[in-house]
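Residues per chain are reported as follows:
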Amino acid sequence: MSHMPIPLQEVRTTCPYCGVGCGVKATPLGDGGALIEGDAGHAASRGRLCVKGSALGETLGLDGRLLHPAVRRDGAMARAGWEEALDTVADGFRRIIAEHGPDAVALYVSGQILTEDYYVANKFMKGYVGSANIDTNSRLCMSSAVAGHKRAFGEDVVPGCYEDFELADAIVLVGSNAAWCHPTLFQRIVKAKEARPELQIVVLDPRRTATCELADLHLPLKPGSDVRLFNGLLTYLVGEGAVDHAFVAAHTSGMEAALDEARLGGDVEEVARACGVDPAQLRAFYELFARTEKVVTAFSMGVNQSSSGTDKVNGIINCHLLTGRIGRPGMGPFSLTGQPNAMGGREVGGLANMLAAHLDLDNAGHREAVRSFWGAPRIADKPGLKAVDLFRAVEAGKVKAVWIMATNPVVSMPDADQVRRALAACELVVVSDVVANTDVAPYAHVLLPALAWGEKDGTVTNSERCISRQRAFLPAPGEARADWQALCDVARRMGFAGFDYDGAHAIFDEHARLSTWKNDEDGYRRAFRLDPLVGIDRAAYDALEPVQWPLRAPTDGAARLFGDGRFSHPDGKARFVATAPRLPVHATGGEYPLALNTGRLRDQWHTMTRTGKSPRLAGHAAEPFVDLHPHDALLAGVREGELARVSSQWGAMVARVAHGGGIARGAVFVPIHWNGHNASDARVGALVNPEVDPVSGEPEFKHTPVRVEPFGVAWHGFILSRTELNLERVAHWTRVRGSGFLRYELGGREPVSPAMARALLGADEDADWIEYEDKSEGMLRAALVVDGRLEACLFASRRPDLPARAWLGGLFAQAELSARERATLLAGRAPTLGPDPGPTVCSCFGVGRNTICTAIDKQGLTTPAEVTACLRAGGNCGSCLPEIRSLLQEARSAVA
Ligand SMILES: Nc1nc2c(c(=O)[nH]1)N[C@H]1C(S)=C(S)[C@@H](COP(=O)(O)OP(=O)(O)OC[C@H]3O[C@@H](n4cnc5c(=O)[nH]c(N)nc54)[C@H](O)[C@@H]3O)O[C@H]1N2
Ligand SMILES: Nc1nc2c(c(=O)[nH]1)N[C@H]1C(S)=C(S)[C@@H](COP(=O)(O)OP(=O)(O)OC[C@H]3O[C@@H](n4cnc5c(=O)[nH]c(N)nc54)[C@H](O)[C@@H]3O)O[C@H]1N2
Ligand code: SF4
Ligand SMILES: [Mo]
């Protein structure tokens, strides 16, 4: 394939991380890198980028990229040409379908592929293979919101837009750590509150998160008790006369049944007891909600990722329907989407129980409509397997071929060791990724290199239904191809017509046409439509400005839906859903007394395949940790700063014990990001409860009964090294990337000796080797110098009392060590004693916690603005402002 040279000029594109969908301006620098800035012209972000978006330039390098196809020959992966790789996939799929039927093959895709990739994947499986066995990691993310929207509205639609957060008088964040997970949208809330301090922010989260720093009220509800709490609110609203009777009568049905169920929950006191919150605080929230017309209830994974996730969604929507607060400025239920294209995937029907263009898989007329539109030989006539069931079917040998695209199920699925077993037993595993060494790669029979962000072209849809272009600004590296192209190449080899597109714009055009197909007819009507984009050509597609659907008129999208009271159910009415509270199926107690909650860190993205490349992002959290209450730590016999083993009936991991101060008794929190490549034993997915919501099939990621116990080690240590090391001999290790080095944190059982240190760092007999050992203190320090340059160093000690890594890390930037640095290297700090800046708080300007605390103390700083003025910290993307606010708060309490 030939590629035109890409000019060195600014390209407007969209961030590839979260569902906020910020606009990015990328200017290629000619060396493979690019200058990254926020795009002030993009309505979703108005020029803002969070720390992950700002660091995109550091993730563009080709190191670690998958650049050529590979196929397995005699048990080992070998480089292959595209022809051979595609033939292997097509032949395998064809043979297995012929022998075992279409349901013996599956696709498992991702909210991180583009709408065009997703559209083709769905058409390939549902229309041509004839099976709905295509599911996506959105099952793990948005499927409860999808199911809740469909039940309430008759269609999977987010009724509001981002501006509603600025127009609201109250914002309720349920199970959302937006400060870290949707940072630029959160900054809009921060600004709105600065302008109008009367804007009330309520956070419902069992954990005290960075988001709570902005909250007027934080309700630390018992995990999984949201339905009970919103049922209580529904009852309360009736009691307070907050019902919008006209709206309810004209535009909804099912209120009585929902109320009957809700009333079983009792009064505010009973609900407070059941949810484990202070009755006065609960009443304060109910009162606020009752008296505030303009209220946005935004929800995210604390709601969706639950065995009662769909009911949680409907419990929230019920309260908005009852008060008629939907689809008007400043109000409504608002599902915050996770991935950049969570919404696009839903528009093309990417889940196993959906059809394309918001048509229904369980409706025979809809199925025929889609089949005839595609001119497909067949159409799937029943839902396919949802993610958890899919990998069980793979293990059971019922699904014999699976094509995994842009997701790492070996890390991100619950009961992740089951996924390992399933893939190891599978006849044909095809993996499309941009990175070579993912955790799924070892199970692949075929590896297909995909174009990454910056190289690929297409569209994504964000949380507020805004479709934006991702544009290429870098040439395609190696032999990487667009995912849609690989899919079409395989489809054509399988003899399927209808996969000859001459570019992403042609796929988008077909997608737009399908959205209008029969859309004016009774029984087919749906809000999702893209009429003015039908017939879009390459030039118009390349110039496409961000645009919100539904699109009917030639110009504008609609910012809000349902304000007129017309919903997508056939009778035009919305449905209340009676939601009976259910606590997590697997109760804690006995062997597994603690509830494991899992979630995200500010500066990492999922399994770290991309954010892990950025040294700037690694400074915020260098290691996986298990955060728990000090009393529970005492009971478990583990100590802060030491290692602990966390285990459930499904699996186990090792993490550093932390007391972040935000965890209630009985709960523990572990971040999701570490994988099998950057840690010996820290994939939290291995422990996670595979129970799912009965309606949506979304897993119970936030609630797994676990036990915590000491992970005894003889020594603690760290290694900084220019190259990757083999640390099999060390009982526990984790790795992040620094600037010019890799940072390993270690816990060892085999006694550490100079010989072992040499072996670990790869120092031979005549290496330039510096060493210090204090046997009685159980301390060893060593450094390997090559051509005068620091190559690697190791620090180990019986206690976790090791020197800070910052100064040592800085030595890797130097071409040569000075004599003084050589002499003091093993002291682990600068010859002229400078203070240790502490763990990074502001990643943009590299400002540490200790630096900020000292400035607060010494200079009497009292506001985040003063901290920014003094240290620059917080002055760029603002992602760290919640942490700065909490440091100011701590300083105030310390004084008091
Ligand atoms: N930095 C960063 N940002 C991201 C991502 C990332 O990897 N890194 N990923 C993106 C993706 S795909 C997603 S889906 C979003 C997720 O965004 P969020 O949903 O905001 O993030 P999480 O940390 O998964 O979980 C949110 C909160 O739910 C709380 N929670 C747990 N159990 C319950 C419960 O029973 N009830 C309630 N009310 N709350 C509960 C947790 O304590 C946690 O604080 O983030 C997106 N943004
Ligand atoms: N315990 C626990 N587990 C969870 C969650 C949780 O809260 N707790 N959250 C769940 C949620 S909400 C989500 S969204 C998932 C995310 O989990 P995953 O989807 O498994 O995580 P990612 O690391 O984002 O995986 C994306 C992969 O796609 C590759 N990639 C990037 N761009 C492209 C591309 O254009 N084409 C191709 N072919 N590949 C590409 C990346 O290199 C990476 O390997 O995790 C889920 N798992
Ligand atoms: S908030 Fe951050 S991660 Fe999300 S889209 Fe914007 S820049 Fe990207
Ligand atoms: Mo997600």
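From a predicted model like this one, the values you see are computed outputs, not experimental measurements.

Caption draft 1: Geometry of the site of ligand 1. Residues in contact with ligand 1 amount to 35 residues; listed here are only the nearest, Asp205, Gly224, Ser300, Arg600 and Gln604. Gly224 is positioned such that a nitrogen or oxygen atom in its backbone is 2.7 Å from an oxygen atom of ligand 1. Contact between ligand 1 and Lys702: an oxygen atom at 2.8 Å from a side-chain N or O atom of the residue. A total of 910 Å² of accessible area belongs to ligand 1 in isolation, and the protein chains cover 99% of it. Residue assignment for the shell around ligand 1 shows that the elements contributing at least two residues are α6 (178-181), α13 (301-304) and β21 (594-599). Looking at the shell around ligand 1 residue by residue, the classes come out as 12 nonpolar, 15 polar and eight charged. Composition of the shell around ligand 1 by domain shows at least three residues from each of domain 3 (159-335) and domain 4 (594-710).

Caption draft 2: Focus on the packing of helix α8 (residues 226-239) against helix α12 (residues 279-291). At their nearest, the axes of α8 and α12 sit 10 Å apart, and the two run at 55° to each other. By the angle class used here, α8 and α12 are oblique. Crossing angle aside, the handedness with which α8 passes α12 is right-handed. Along the contact surface, α8 presents Leu229, Phe230, Gly232, Leu233, Tyr236 and Leu237, while α12 presents Leu282, Arg283, Phe285, Tyr286, Glu287, Phe289 and Ala290. For the contact of α8 with α12, the per-class residue count stands at 10 nonpolar, one polar and two charged.

Caption draft 3: Representation of the sheet that holds strand β32 (residues 789-797). Within the open sheet, the six strands sit side by side as β28-β29-β27-β32-β31-β30. Their pairing is antiparallel. Edge positions in the sheet fall to β28 (732-737) and β30 (768-774), since each has one partner strand and no second. Neighbouring strand axes in the sheet, compared pairwise and without regard to direction, differ in orientation by 10° on average. With seven bridges joining them, strand β27 (residues 715-721) and strand β29 (residues 742-748) adopt antiparallel strand pairing. Paired with Trp715 across the bridge in β29 is Gly748. On the sheet, helix α25 (residues 754-761) packs against β27, β30, β31 (779-786) and β32 and is oriented at approximately 140° with respect to β30.

Caption draft 4: Quick peek at the pattern of salt bridges. What the rule picks out here adds up to 60 salt bridges. When the shortest N-O distance is used, the salt bridge between Asp520 and Arg529 registers 3.4 Å.

Caption draft 5: Here's a closer look at the domain arrangement of the protein chain. Split by domain assignment, the protein chain resolves into domain 1 (11-58), domain 2 (70-142 + 386-548), domain 3 (159-335), domain 4 (594-710), domain 5 (715-827) and domain 6 (840-895). The distance between the C-alpha centroids of domain 2 and domain 4 comes to 30 Å. The interface of domain 2 with domain 4 comprises 22 residues on the first partner and 24 residues on the second. Approximately 1,800 Å² of surface area, both sides summed, lies buried where domain 2 meets domain 4, with 52% of it carried by carbon and sulfur atoms. Sorting the residues of domain 2 by area buried against domain 4 places Gln112, Val411 and Asp415 first, and these three jointly supply 26% of that buried surface. Taken together, the links from domain 2 to domain 4 amount to 12 residue pairs in polar contact (both at pLDDT 80 or more). Of all the elements in the fold, those that place two or more residues in the side of domain 2 that touches domain 4 are α17 (387-395), α18 (409-412) and α19 (416-425). Along the lines of polarity and charge, the residues of the side of domain 2 that touches domain 4 split into 10 nonpolar, five polar and seven charged.

Caption draft 6: Expanded view of the site of ligand 3. Close to ligand 3 lie Cys15, Tyr17, Cys18, Gly21, Cys22, Leu49, Cys50, Lys52, Gly53, Pro183 and Thr184, which account for all nearby residues. More than half of the atoms of ligand 3 fall within 2 Å of the grid points belonging to the second largest cavity. Mapped by element, the contributors of at least two residues to the shell around ligand 3 are α1 (51-54) and α7 (183-195). Broken down by class, the residue content of the shell around ligand 3 amounts to seven nonpolar, three polar and one charged.

Caption draft 7: Representation of the sheet that holds strand β10 (residues 217-219). Pairing is parallel across the open sheet formed by five strands, whose spatial order is β10-β9-β8-β12-β13. A strand with exactly one partner marks an edge of an open sheet, and here the two such strands are β10 and β13 (332-335). Each strand axis lies, on average, 15° off the axis of its neighbour in the sheet, ignoring direction. Sheet topology note: the strand β8 (residues 170-174)/strand β12 (residues 295-299) ladder contains five bridges and is parallel. Each bridged residue has a counterpart across the sheet, and for Leu173 the counterpart in β12 is Ala298. On top of the sheet, helix α14 (residues 309-322) reaches β8, β12 and β13; it is set at about 170° to β12, its chief contact.

Caption draft 8: Quick look at the nonpolar core. Counting 132 residues, the largest nonpolar core has Phe93, Leu107, Phe124, Leu204, Phe285, Trp374 and Trp403 as its most contacted members. Shared between two domains, this core holds at least three residues of each, these being domain 2 (70-142 + 386-548) and domain 3 (159-335). Apart from the residues within four sequence positions on either side, Phe124 is in contact with Phe93, Leu107, Val129, Val490, Ala491, Met494, Phe496 and Phe499.

So, how was this worked out
Residues numbered from 1 in each chain as written. Chains lettered and ligands numbered in written order. Predicted model: local features only at pLDDT ≥ 70, side-chain atom pairs only at ≥ 80, totals over all residues. Heavy atoms only, no water. Near = heavy atom within 4 Å. Polar contact = N/O pair within 3.5 Å; in protein donor to acceptor, adjacent residues only side chain to side chain. Areas by Shrake-Rupley, 256 points an atom, 1.4 Å probe, with all protein chains shown as cover. Helix = DSSP H or I, 4+ residues; strand = E, 2+ residues; numbered from the N terminus. Nonpolar A, V, L, I, M, F, W, Y, C, P; charged D, E, K, R; others polar. Domains from an automatic or database assignment. Axes fitted to C-alpha atoms, helices over the stretch in contact; angles between N-to-C directions. Parallel < 35°, antiparallel > 145°, perpendicular 65-115°, else oblique. Left-handed = near helix turned anticlockwise from the far one by under 90°. Contact = heavy atoms within 4.5 Å. Pairing = 2+ DSSP bridges. Salt bridge = Lys/Arg side-chain N within 4 Å of Asp/Glu carboxyl O. Buried area = accessible area lost by both parts, 1.4 Å probe. 1 Å grid on protein atoms, 1.4 Å probe; cavity = no way out; pocket = protein on both sides within 12 Å on 5 of 7 lines; lining within 4 Å. Sits in = over half its atoms within 2 Å of the grid points. Core = buried A, V, L, I, M, F, W, Y, C linked by side-chain atoms within 4.5 Å. Buried < 20%, exposed > 50% of the residue type's maximum accessible area, 1.4 Å probe, protein only.

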